[in-house]
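So the chains spell out like this:
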Amino acid sequence: VTADLEAAVAAHGLRGTSHVLPDAPLDAETWAALLADVRSDRLVGLLGDAVATEAFPTTAQQYEDAGEAHLEAMDLAVRLEQVLVDLADRLAQEDVPVRVLKGPAIAHRFYPDPSLRAFGDIDLLVPSEHFDRAVRVVAVAGGNRQHPQPRPGFDRRFSKGTSFFMDSAVEVDLHRTFVSGPFGLTIDLDDVWRESWQFALGDVALQALDLETCLLNLCYHAALGDAVPRLISLRDIVQIIESDDPDAARVVALAQRWGGGAVVARAVTTALRELRVESSHPLAAWAGAYRTDRRTERLLAMYTRPGNAYPGQALAAVRSIPGLPAKASYLRAIVWPDRSYVSPRYRSRLERWGRALRTIGRLYRQD
Amino acid sequence: VSDPRWGREPGLLWRSTPFAVVVRSRRSEETTVLGGSGAKVWELIDPPVTVADLAGRLAGLYSADPAIVASDVTATLEELERRGIARSIA
């Protein structure tokens, strides 16, 4: 019951959705379950608006609950933005170019009011050649890196990026590309960095991705970031398609050049289906007609099957790395990483290999 | 000499929700939550206004005596200034 209600909240305010919000207050148990889901899926801004505009009728207590959840989420949003502008300043001082991804950029650009879009971390894209310097800047600013890289230089050549917890207990993700594994490695990062969109937070000018590249980033995140896409990620996609009219020909051309046509088609069809929106945008027709070949289906499954996806993605990525020396360097790093990479999570390299081989074996048996 | 005007401190991070306004300055370790008339004051000081203008508008909104409202408004503005989110402009 709450899954359907939550999808209706995620679709609140979208033109053309056939989702319907309840016409009377929910019972206490259903409301509590819905509120918990809405909080964890970062939909409290949309719920707050639905409740305040009476599109979603509530009891007085439920109204208060929705307001409290909304204010908590916005407190987090401004705390995250405080960290964002501080890091953007520091990175600019070290001449590290930055693009703000997802949450704050999406909230300020694509939603009628930024309070509708909650977010839980900061995502920054930096160029490969500046990645190591960016890591040092974030560490100096108080960032505690969550995982070391397998070997020196691995991050700037092969990884999606790395995560930090700041002293203020907020998470910052530094990205080099959009996703890990084979689909992340075939993205042409020159395309990503070619254009940008500028916005300001406080008195700091920031750069985000241009419209079409931003949509592609969201599609990669929605289709490959979690086994089940988050509703807020799907809402972002529909929000952009329906409100900003991205250039479908450019989106498709970039997606195909990056080998990600199936990724984008899957994200767009899933978003429109889950939010029950009949879209007349050309991207909807293209995505609906897209046919994915068997090899690509197998690659997509590496990201979306339940369980630890990393070993399968890491192995599948080898084919996407150009040149034998680079492939050898990559394999050496993932098969024989530094001890500092192994020790926090495994008792020995042997244990790590055993677990990875079991995961990969399970993936291929499922095939 | 004209009355000072009151406006928002530049460079703030904020959200206006249907329930309250959430404001944080770049250097602050605290978020300020403004509800009711505090949120209205926040809304009306952009662009900057004098206390008399602000009190007049609030008195109209709440059908109150402008003289009494002016005293409350001054206290509110001083509190916002103390929190680093509003300032008087000579």
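These figures come from a predicted structure and were not determined experimentally.

(A) Structural detail: the overall build of chain A. For chain A, the count of helices and strands is 19 helices and 7 strands. At 21 Å, chain A has a C-alpha radius of gyration in line with the 21 Å of a compact globule built from 367 residues. Taken along the three principal axes of its C-alpha coordinates, chain A extends 60 × 45 × 40 Å. Counting across all 367 residues of chain A, residues that qualify as buried make up 55%. Considering only contacts within chain A whose residues lie at least 6 apart along the sequence, 71% involve residues at least 24 apart. For chain A, the accessible area works out to roughly 16,000 Å², and carbon and sulfur atoms hold 50% of it.

(B) Inspection of the overall build of chain B at higher detail. Each helix and strand in chain B was counted, giving 3 helices and 6 strands. When the helices and strands of chain B are read in sequence order from the N terminus, they spell out β-β-β-β-α-β-α-α-β. Relative to a compact globule of 90 residues, whose C-alpha radius of gyration would be 12 Å, chain B shows 13 Å and is just as compact. Out of the 90 residues in chain B, the part that is buried amounts to 42%. Counting contacts in chain B only where the partners sit at least 6 residues apart, residues at least 24 apart contribute 50% of the total. Element-wise, carbon and sulfur atoms account for 49% of the exposed surface of chain B, whose accessible area totals about 4,800 Å².

(C) Broad picture of the state of the cysteines. All names here are of chain A. One pass over the structure, following the stated rule, counts 0 disulfides over all chains. Here Cys-214 stays free of any disulfide, with the sulfur of Cys-219 as its closest cysteine sulfur at 9.6 Å. Relative accessible area serves as the criterion here: at 8%, Cys-214 is assigned to the buried category. When its relative accessible area of 0% is taken as the criterion, Cys-219 is described as buried.

(D) Helix H11 (residues 231–244) of chain A, seen in detail. All names here are of chain A. Under the 1.5 Å per step criterion, the end-to-end length of H11 is 19 Å for 14 residues, consistent within 8% with the ideal 20 Å. Of all 14 residues making up H11, 11 are buried, and the element is well covered by its neighbours. In this structure, the buried side of H11 is in contact with helix H1 (2–10), helix H3 (44–52), helix H5 (103–110), helix H10 (211–224), helix H13 (261–274) and helix H14 (282–289).

(E) Highlighting the pairing of strand S1 (residues 5–8) of chain B. All names here are of chain B. Where S1 meets strand S5 (residues 49–50), 2 bridges bridge the pair, whose relative direction is antiparallel. Across the sheet, the residue bridging to Trp-6 is Val-49, located in S5. Here S1 pairs with strand S6 (residues 86–89) via 4 bridges, running antiparallel. Each residue of the ladder has a partner; that of Gly-7, found in S6, is Arg-87.

(F) Summary view of the side chain of His70(A). Tracing the backbone through its elements, the reader meets His70(A) in helix H4 (residues 60–93). Among the residues examined, His70(A) registers a relative accessible area of 1% and is labelled buried. Apart from residues no more than four positions distant in its own chain, His70(A) is found in contact with Val44(A), Gly45(A), Gly48(A), Ser115(A), Thr17(B), Pro18(B) and Phe19(B).

(G) The arrangement of the packing of H1(A) against helix H2 (residues 28–40) of chain A in detail. Residue and element names in this part refer to chain A. Where H1 contacts H2, the axes come no closer than 10 Å and their chain directions differ by 55°. By the angle between their directions, the pair H1 and H2 is classed as oblique. Relative to H2, the crossing made by H1 is right-handed. Judged by residue contacts, Thr-2, Leu-5, Glu-6 and Val-9 of H1 engage Thr-30, Ala-33, Leu-34, Asp-37 and Val-38 from H2. For the contact of H1 with H2, the residue count by class is 5 nonpolar, 2 polar and 2 charged.

Definitions and cut-offs
- Residues numbered from 1 in each chain as written.
- Chains lettered and ligands numbered in written order.
- Predicted model: local features only at pLDDT ≥ 70, side-chain atom pairs only at ≥ 80, totals over all residues.
- Heavy atoms only, no water.
- Helix = DSSP H or I, 4+ residues; strand = E, 2+ residues; numbered from the N terminus.
- Rg over C-alpha atoms; globule rule 2.2 N^0.38 Å.
- Buried < 20%, exposed > 50% of the residue type's maximum accessible area, 1.4 Å probe, protein only.
- Contact = heavy atoms within 4.5 Å.
- Areas by Shrake-Rupley, 256 points an atom, 1.4 Å probe, with all protein chains shown as cover.
- Disulfide = S-S within 2.5 Å.
- Expected span 1.5 Å × (residues − 1).
- Pairing = 2+ DSSP bridges.
- Axes fitted to C-alpha atoms, helices over the stretch in contact; angles between N-to-C directions.
- Parallel < 35°, antiparallel > 145°, perpendicular 65-115°, else oblique.
- Left-handed = near helix turned anticlockwise from the far one by under 90°.
- Nonpolar A, V, L, I, M, F, W, Y, C, P; charged D, E, K, R; others polar.

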